[in-house]
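Reading the structure
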Amino acid sequence: MRILHTSDWHLGRSFHRVSMLGAQAGFISHLVETAREREADVVVVAGDVYDRAVPPLAAIELFDTALHQLAEAGIPTVMISGNHDSARRLGVGAGLIDRAGIHLRTSPAACGEPVVLADRHGDVAFYGLPYLEPALVKDVLGVERPGHEAVLRAAMDQVRADLAGRAPGTRSVVLAHAFVTGAAVSDSERDITVGGVAAVPLDVFDGVDYAALGHLHGCQTLTPRIRYAGSPLPYSFSEADHRKSMWLVDLDADGEVTAERLDCPVPRPLARLRGTLEELLADESLAGHEDAWVEVTLTDAVRPADPMARLQERFPHTLSLVFAPDRSEEEALDSYARRLSGRDDRQIAEDFVGHVRGGVGPDSAERALLREALDAVRTADHLGEVHR
């Protein structure tokens, strides 16, 4: 069984206010052409089809185009909803679309109900685990205390139970949208932390032949059987070093996995430049970045006049400008942005409590209360998007 694994299309998303719809349409065409040329038996899309729960009309039209192209190519496709998608909206018409070979899996209650495809070696069961918001799915999955690991383990228990009742030799693929321990993150992924813990261990996916993951935007191999495809396009400058790609996975008769990484089209390269304004304008070694999307960090001690306009004369696609004057170590510690860098909402809230108390941080009960409040706000935001 030859599987083309992709994820995190984020249809409708822009890149620093630059529309990506043209590049996203180009990727869809590339995906279908690659599936045809490489004779893929199935395409799997591991969530975040859209960038938000209520996508713009242009994004919906592009998704419609993708469905038609895949159906016309006769390539079965399995998709799940991600944390950016509205599962209910994405799943509208799933029963009818299913007849065209496009299988939308958006219901937490159906994690143990696979799409079964066959090759000359027998059946392959594809289980779609949509993004599982712990507070919203715990009752559906019979979980007492909500958490990412708990709900994913419950969903995978359903998968293993269904697989155990199938014919011996049935191979299995799971699509999941989650943050798995050991994976690398980027700035463009929405935080899914619950109770201070977002990551789930690798052993959650024990018992299946291949786990096709989505959510993180960097293509990654956690084990030969557990991989992230990553996003096909960049959505933040933290992805400047990413090689955007898909996985072409071959599942043999015994469920052994071999995978080939296939590059996606690059609409425009990314560059992150740092230095004083005059250095950047004069440095001839930077000529190769003049056609790139550019993020500039200026280190001038005094903010220069009209920096963006002057930078865009040389680098016309400069999209982001950051000021970070070179300072002594003591001065740098006074930078609020520097203090917050790399810290999540929970850590920032706990640090604030310590700051207003003169260095005395929250006790264990207060930390639990802060976590509960942050989780409630994030869950309310998710519900607001779903029901908007």
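Residues numbered from 1 in each chain as written. Predicted model: local features only at pLDDT ≥ 70, side-chain atom pairs only at ≥ 80, totals over all residues. Heavy atoms only, no water.

**With respect to the sheet that holds strand β4 (residues 42–46)**
Note the threshold: Two strands are counted as paired when DSSP detects at least two bridges linking them. Helix and strand labels come from DSSP, where a helix needs a run of H or I of at least four residues and a strand needs a run of E of at least two; each type is numbered from the N terminus. For helices, the fitted line uses only the C-alpha atoms of the stretch in contact; every axis is such a line through C-alpha atoms, and the angle between N-to-C directions lies from 0 to 180 degrees. Two residues qualify as a contact provided that any one of their heavy atoms is within 4.5 Å of a heavy atom in the partner residue.
Strand order across the open sheet formed by six strands is β6-β5-β4-β1-β15-β16, with mixed pairing between neighbours. The sheet is open, and its two edges are formed by β6 (102–105) and β16 (257–263), each paired on a single side. Taken pair by pair, the neighbouring strands of this sheet meet at an average axis angle of 20°, ignoring direction. Those strands touched by helix α1 (residues 21–37) are β1 (2–6), β4, β15 (245–251) and β16, and its axis lies near 170° from that of β1.

**As for the side chain of Ser 231**
Spelled out, the test is: Relative accessibility under 20% of the residue-type maximum defines a buried residue, over 50% an exposed one, and the middle range a partly exposed one, all with a 1.4 Å probe and only protein chains included. Whenever two N or O atoms come within 3.5 Å, that pair is a polar contact, provided that in protein one can donate a hydrogen and the other can accept it, and provided that, for residues adjacent in sequence, both atoms are side-chain atoms.
Tracing the backbone through its elements, the reader meets Ser 231 in the loop between β14 (226–228) and β15. By relative accessible area, which is 0% here, Ser 231 ends up buried. Side-chain polar atoms of Ser 231 contact the backbone oxygen of Leu 233, separated by 2.8 Å. At a separation of 2.9 Å, a polar atom in the side chain of Ser 231 contacts the side chain of Lys 244. Excluding anything up to four places from it in sequence, Ser 231 contacts Ser 7, Asp 8, Leu 216, His 217, Glu 239 and Lys 244.

**Here we look at a negative patch on the surface**
The condition that has to hold: Each patch is assembled from residues with relative accessible area greater than 30% and no salt bridge, linking like charges that lie within 9 Å and nonpolar side chains (Val, Leu, Ile, Met, Phe, Trp, Tyr) that lie within 5 Å. Areas reported here follow the Shrake-Rupley algorithm with a probe of radius 1.4 Å; residue values treat only the protein chains shown as occluding. Take a side-chain nitrogen of Lys or Arg and a carboxyl oxygen of Asp or Glu: if they are within 4 Å of each other, that pair is a salt bridge. None of His or the chain ends enter the tally, which takes Lys and Arg as positive and Asp and Glu as negative. To locate a charge, take NZ of a lysine, CZ of an arginine, CG of an aspartate or CD of a glutamate.
On the surface, a cluster of negative charge is made up of Glu 279, Asp 283, Glu 284 and Asp 326. Residue position: Asp 283 is located in the loop between α7 (277–282) and β18 (293–298).

**Comments concerning the packing of α1 against helix α2 (residues 57–72)**
Formally: Orientation labels follow simple angle bins: below 35 degrees gives roughly parallel, above 145 gives roughly antiparallel, 65 to 115 gives roughly perpendicular, and whatever is left gives oblique. Polarity classes work like this: nonpolar for Ala, Val, Leu, Ile, Met, Phe, Trp, Tyr, Cys and Pro, charged for Asp, Glu, Lys and Arg, and polar for all others, with Gly in that last group.
Taken N-terminus to C-terminus, the directions of α1 and α2 make an angle of 10°; their axes are 10 Å apart at the nearest point. Put simply, α1 runs roughly parallel to α2. Where α1 abuts α2, its residues Leu 21, Gln 24, Ala 25, Ile 28, Ser 29, Val 32 and Arg 36 lie against Ala 58, Ala 59, Leu 62, Ala 66, Gln 69, Leu 70 and Glu 72. Tallied by class, the residues present in the contact of α1 with α2 amount to nine nonpolar, three polar and two charged.

**Section: helix α5 (residues 134–141)**
Since the α-helix advances by 3.6 residues per turn, residues separated by three or four positions end up pointing in the same direction. In plain terms, the rule: Taken from the helix axis, the directions to the C-beta atoms give the arc we talk about.
Where α5 is concerned, the buried positions are Pro 134, Val 137 and Leu 141. Looking straight down α5, one finds its buried side chains confined to an arc of 85°; they lie on one side. Buried residues along α5 sit in contact with α6 (148–164). Positive phi appears at Gly 142, one or two residues downstream of α5, with a value of about 70°.

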